[in-house]
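Working through the structure, step by step
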Amino acid sequence: MNKYDSERIAGLLCKYKAQYEENTQNADVIVFNTCTVRESADDRLFGQLGNLRGVKEEKPDLIIAVGGCLAQSYGEKLLLKFPQIDIVFGTHNIERFPYLLKSRILTGNRVIELKNESTYDISCLPSSREKSFSAWVSIMHGCNNFCSYCIVPYVRGRQSSRPSSQIIKEVKNLVSSGVIEITLLGQNVNSYGKDLADDLNFPKLLKSLSEISGLKRIRFITSHPKDFNSETIKVVAESERLCNHFHLPLQAGSNKVLKDMNRGYKKDKYLRLTEEIYNMIPDASITTDIMVGFPTETEKDFLETLDVVEKVKFDNAFTFIYSPRPGTKAIKFNNNFSHKEKMNRFKRLVEKQTSISQMKNDRLIGKSFNVLVEDFSKKDKEMLMGRTKTNKIVNFNGDSNLIGRIVYVDIISAKAHYLIGKLKL
Ligand code: 5AD
Ligand code: SF4
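Moving on: the site of ligand 2. Taken together, the neighbourhood of ligand 2 is formed by Cys 143, Asn 145, Phe 146, Cys 147, Tyr 149, Cys 150, Val 152, Pro 153, Gln 187, His 224 and Arg 263. Of the residues belonging to the shell around ligand 2, the class tally is seven nonpolar, three polar and one charged.

Okay, structure coming up:
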């Protein structure tokens, strides 16, 4: 979601003839589009701002702008704490950014603009996309779930789904401009449409999109176990274009912790859903988000999380240590177990998941997959990097003119987090 917004900020700036500058030292304007989901994201921004203090002293005309979730949450406090910041704008003020920048340039005054809800649809703003063949498509904004640890509903507002007709039109336009892969975005895509009268639900939206000719791959993030259902699995199973990858955040395995997190499902329901996925789509991949160290989590609760990890055998998991966020409900729980204990659980979780990821990737050696070539590999610039429909990264040798195309690749070896392949000629 953050990257999606960044593409719009860049798109707006390009519309007003700004040029992208690779080297920060040469930039006239630096925009931070921030995240605040964990404290580490806040710390990264504060570190970067610290580094820029000296640069700004030497180059007083440099304009530093801070937007996004942290800006929405901290507001005025940012201007007070960091004299080097010129502009603060919230998550609902992206459209206004060029005007705020103009105001700063013309008046020399520092500017702040924060709104509590959007009065425009960000999807209608120009976008400067990283890849010509792949695009994010936001199907809804905000979130109504109020998981007790999470700051997102406070900084992004209530759920608001975009009418399906608008989404379908946007996707058709993208396809006619050369896009072959789209990723639908929403904090809880499975509750898409619940706030709209007489519109499609999520599986029906998926089905309509899967009928757009020229579109090769449709992905979606993020699913929520509370609203995820069999209809969605069935639609994915029936369409070649819908990627057989499900990102279904677990967060925790213990019913007590899930209740304290206000997640709205129990361990058994989660296990049933993942079983249903594997039954209906045996080659599907399932990834997840897991948090350890929630204030009410005991060792016994943590073992329930490990039990789900063992049973589901996720292809991959994003793992986090609970980070208290100001203003959220979880702040009221006593967060009194030691950092050492949290680290110990985190380490055990990562070790277990890494061995499962390796085991699942090993099973793919000798098989062949369609891979959408995205770029050069980050690990080895001589190699290309692409993704299978199951969202596995595959590195292989090939010519750079394959970037943006779907090729067939034999898997010859596997690491826990990526595969190594050979182009099938
Ligand atoms: N602390 C740690 N992790 C968090 N997440 C969200 N809020 C917090 C928090 N306060 C994690 C969840 C979510 C992912 C995007 O970030 O696992 O699914
Ligand atoms: Fe946060 Fe929960 Fe909404 Fe996800 S579903 S954005 S974790 S409140």
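Sheet architecture is open: three strands sit in the order β10-β11-β12, paired in parallel fashion. Both edges of this open sheet fall to β10 (245-247) and β12 (316-321), since each of them pairs with a single strand only. Across the sheet, the mean angle from the axis of one strand to that of its neighbour is 10 degrees, orientation sign disregarded. Alignment of strand β11 (residues 285-292) against β12, held across six bridges, turns out to be parallel. Bridge pairing in β12 links Met 291 to Phe 320.

The next subject is helix α9 (residues 230-238). All of the buried residues along α9 are Thr 232, Ile 233, Val 235 and Val 236. On an axial view of α9, the arc spanned by its buried residues comes to 165 degrees, and they lie on one face. On the buried face of α9, the contacting elements are α8 (202-210), β9 (217-221), β10 and α11 (267-280).

The next point concerns the domain arrangement of the protein chain. For the protein chain, the domain assignment lists domain 1 (2-113), domain 2 (122-362) and domain 3 (368-423). Of the roughly 1700 Å² buried between domain 2 and domain 3 on both sides combined, carbon and sulfur atoms contribute 51%. For the domain 2 face of the interface with domain 3, the top three residues by lost area are Phe 133, Arg 217 and Asn 361, together amounting to 38%. Inspection of the region where domain 2 meets domain 3 yields three salt bridges.

What counts and what doesn't
- Residues numbered from 1 in each chain as written.
- Chains lettered and ligands numbered in written order.
- Predicted model: local features only at pLDDT ≥ 70, side-chain atom pairs only at ≥ 80, totals over all residues.
- Heavy atoms only, no water.
- Near = heavy atom within 4 Å.
- Nonpolar A, V, L, I, M, F, W, Y, C, P; charged D, E, K, R; others polar.
- Pairing = 2+ DSSP bridges.
- Helix = DSSP H or I, 4+ residues; strand = E, 2+ residues; numbered from the N terminus.
- Axes fitted to C-alpha atoms, helices over the stretch in contact; angles between N-to-C directions.
- Buried < 20%, exposed > 50% of the residue type's maximum accessible area, 1.4 Å probe, protein only.
- Arc of directions from axis to C-beta.
- Contact = heavy atoms within 4.5 Å.
- Domains from an automatic or database assignment.
- Buried area = accessible area lost by both parts, 1.4 Å probe.
- Salt bridge = Lys/Arg side-chain N within 4 Å of Asp/Glu carboxyl O.

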